[in-house]
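# Observations on the model geometry
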Amino acid sequence: MRLLVCIALAAVVACGYAGHVKDSDALHASFKEAVKTALRASGGSSRPHDFLMNAARSLHTSFGSVPMPEPWSPLPGEYYGFVPPFVGVSPLTLSSRCNRSITFSNTTMSDGVSVTIHASSGGPLLCEDMFLVGDMSDMALVSLFGAGSKTVTLSNKDAPMGAQQWLDLNGVRIFAFRSGLVDVIGDIVKTISLFVPSETEGPKLSPAAANLTNNFLASYAGFSFEHRSGGLTDIDPDSIPSGSILAVLRMDGLAGLEMWATGARTDHIVMAFRWSNGTLMIVESTDTTAYWTRPNIQMHTWEEWLPLAQAADFNVAILPLAPAMESRFNSSAAEAFIEATVGGPYGYHNFLWGFVDTPSDNWPYPVTWEFLEFAFSWVERLDSAIGAEMWGLAMNKRLGTSNMTTVQGSVLAAARNPPLNYGELMALPEQDKWVYPNGLSMVCDVYACEILKHGGIFDVDFQCTEMQNGDFYSLDIFDLKSPRPKACQEADPAVPYCMLMGDWLLELPGVNTVTPYANMDEKCPSLPPKYARPTGC
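Presented here is an overview of the structure given in this document. (Residues numbered from 1 in each chain as written. Predicted model: local features only at pLDDT ≥ 70, side-chain atom pairs only at ≥ 80, totals over all residues. Heavy atoms only, no water.)

### Considering helix H6 (residues 207–220)
- In this model, H6 (14 residues) spans 20 Å end to end at C-alpha, consistent with the 20 Å of a helix rising 1.5 Å per residue.
- Buried within H6 we find Ala209, Ala210, Thr213, Asn214, Phe216, Leu217 and Tyr220. Projected down its long axis, H6 shows its buried positions confined to an angular sector of 155 degrees, all on one face. Residues Pro207 and Ala208 are exposed on H6 and point more than 90 degrees away from its buried face. (Helix = DSSP H or I, 4+ residues; strand = E, 2+ residues; numbered from the N terminus. Expected span 1.5 Å × (residues − 1). Buried < 20%, exposed > 50% of the residue type's maximum accessible area, 1.4 Å probe, protein only. Arc of directions from axis to C-beta.)

Structure, rendered in C-alpha cells:
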C-alpha cells in the first residue's frame, strides 16, 4: 500500500502537469522521450521502481546542463521533497525560487472559482515554478516558465457535500513545490528507494537498505545508529520479569519515517508476559508485512518469537520491569485483558492521531496540517474505506459524529465554540475508552501500555493512546540499575540494558526518566532535529 501511494503521487504530478502546463513544448517532448527511454531501459520489468528510476535518470540527462537555482526548500536532501508545503491562501503574492514575483488572485463564478496566476520576469528562462492550487472541489497543478499570466478554473462539478462552505471558510489554498517536474520526479524516486525493497521483500532486510535508512536519519532526524557485532545474546528467559518491554527496531523505510516524525529510536514495542502456567509469552499488536505473516494482536511463546524476530532482522533491547513495579503488577488482571483483546485489530484508526499533540509542531517539514486536510479529502474521494480507517473514524470520535467526511468534519469543527481548524481538531487527545467499529484501536506501544494499565502499574490517569514509542520507553518503570547478565555486559558495555539481538545498537535517549503524570503526552511537540519537549506537556 505504501508503494502504491508513492506511485499514485508520481502519477498525479505527471498527469496534472500534462493537463495544466502549456508553456514549453520542448519540455513536454523531453518528458515524453524520458518515458520512452525509461521503458526501453527497464527491459519490460514490471517493477514500478525500475521505470521511475530510469525516467528520472533520463530527465536529468536531458536538463542536467541547464543552470537552475537550488530547490526552494530547507530539506537536507531529495527525500519527501515531492510534498508541496502550504504557502498561503489566494489572493497572495510571493517571491518564487526562480526570483519571480508571483501573484495569485481569484474570482468566484457559478461553476467554480477562477484563479489567475501572474508571474513577473526574472530568473533563468527554463527555470520552472510549480504550484498546487485547489479547494475541496477541484485542484490544478500550475507550472510557470518566464513572465506571463495563466488562469485555471477550479470546477465545483461533482463537489463533495460541504465543499462550498469549506471554500467560504478557508479560501483557495496554494502549495509550492520545491522545484520543477524533473526534480519532483527525482524526489519521488528517491523516496521510493527508502521503501523498495525494504518494505516489499522479506523477511530479511538487506544491509544496503538498512544503511540507507540510517543515512536518511542522520540527515533528516539528526541522529543515527552504530553497528554492533554481538548477534543473539544468550539470556535466560526465566530471568525476564513479567511485564518487561522489548523495544524493537527494524531498520526499514517505514521505521525511518516514524522515527523522523517522532524522535523515537524504535518502531515497535512488544511485551514479555509470563502466563499463569509459567510460559513466557510475547504479546504484541502488529500487522502482516513482507517480514511478518500474522496480523492483529497476537501471542507467541518466547521460543517461537525469537527465530521470527531474527529472520526479520529485528534489533531488540530488553527493558525489564523494575522490582517495585513488578510487585505492583496484577498479572491476573493483565492476563484477562490480553485474553479479551488477542485477535483484535492493529490500531490504524488512531495511528496518525495519537502522536499528534499540536496543530503544527508534530509534522516534520514539508508536511503541514493544511496539506493533510487537503490530501485526506481527495483520498476519501478515491477510496472512502481507506479514509475511514486511517483518519475518518478518529475525526468523527472527536466531533461526536458518525460518517462525516473530512470536508464536513472541518466545516463542523469551524462552527464550534471556540472554532477549531483541522490542525487543532487533529490535536484533540485520543481517549483509551473509545471503541471503534472493530473494537479498541491500539498500536504496538499503546497495547503494551494498556496491559500495564490494566495490571495496575500506574497510579495516575493518562491516555495510553496518546503515546508513541519514545513516550512509552521514557516512563520510569524499568530496572536499569540491577547488574545485567555477564553476556549482556560483554556484548554491549555502552548501554544499561540487554541487547537481545540485532546488527544495530539501540541507544534510547530519555529512557526511564519520566514519572507518569495525569494527562501526559497530550500537548508535546516533536520537531526534528532537537525534538524538544517542555516539561509536563
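On we go.
### Quick notes on unusual backbone geometry
- Of note, the amide linkage connecting Val196 to Pro197 takes the cis form, showing an omega dihedral of 15 degrees.
- By the element assignment, Pro197 lies in the loop between helix H5 (181–195) and H6.
- Residues Gly202 and Pro203 are joined by a peptide bond in cis, for which omega reads 10 degrees.
- Here Pro203 lies in the loop between H5 and H6.
- Notably, Asn403 is not glycine yet its phi reads approximately 65 degrees, a positive angle.
- The phi angle at Asn519 is positive, at roughly 60 degrees, despite the residue not being glycine.
- Note that Asn519 resides in the segment after strand S18 (504–505).

### Some details on the sheet that holds strand S1 (residues 86–89)
- What the four strands build is an open sheet, ordered S1-S8-S5-S6; its pairing is antiparallel. Looking along the sheet, the strands with just one partner apiece sit at the ends: S1 and strand S6 (139–145). Each strand axis lies, on average, 25 degrees off the axis of its neighbour in the sheet, ignoring direction.
- Strand direction decides the pairing type here: S1 and strand S8 (residues 173–176), joined by three bridges, are antiparallel. Considered in S8, the bridge of Val89 is made with Arg173. (Pairing = 2+ DSSP bridges. Axes fitted to C-alpha atoms, helices over the stretch in contact; angles between N-to-C directions.)

### Some details on helix H13 (residues 406–414)
- Inspection of H13 places Thr406, Val407, Gln408, Gly409, Ser410 and Ala413 among the buried residues, and these make up the whole buried set.
- Structurally, H13 contributes buried residues whose contacts are with helix H4 (163–170), helix H11 (369–382), helix H12 (384–399) and helix H14 (422–427). (Contact = heavy atoms within 4.5 Å.)

### Digging into the nonpolar core
- Phe225, Leu319, Ile451, Phe472 and Ile477 are the most contacted members of the largest nonpolar core, which has 69 residues in total.
- Here Ile451 is in contact with Met271, Val283, Phe329, Ala334, Phe337 and Ile338, once residues within four sequence places are set aside.
- Counting residues in hydrophobic clusters, the runner-up holds 22 residues, among them Leu246, Ala309, Phe314 and Met501. (Core = buried A, V, L, I, M, F, W, Y, C linked by side-chain atoms within 4.5 Å.)

In short, geometric facts, not functional conclusions.
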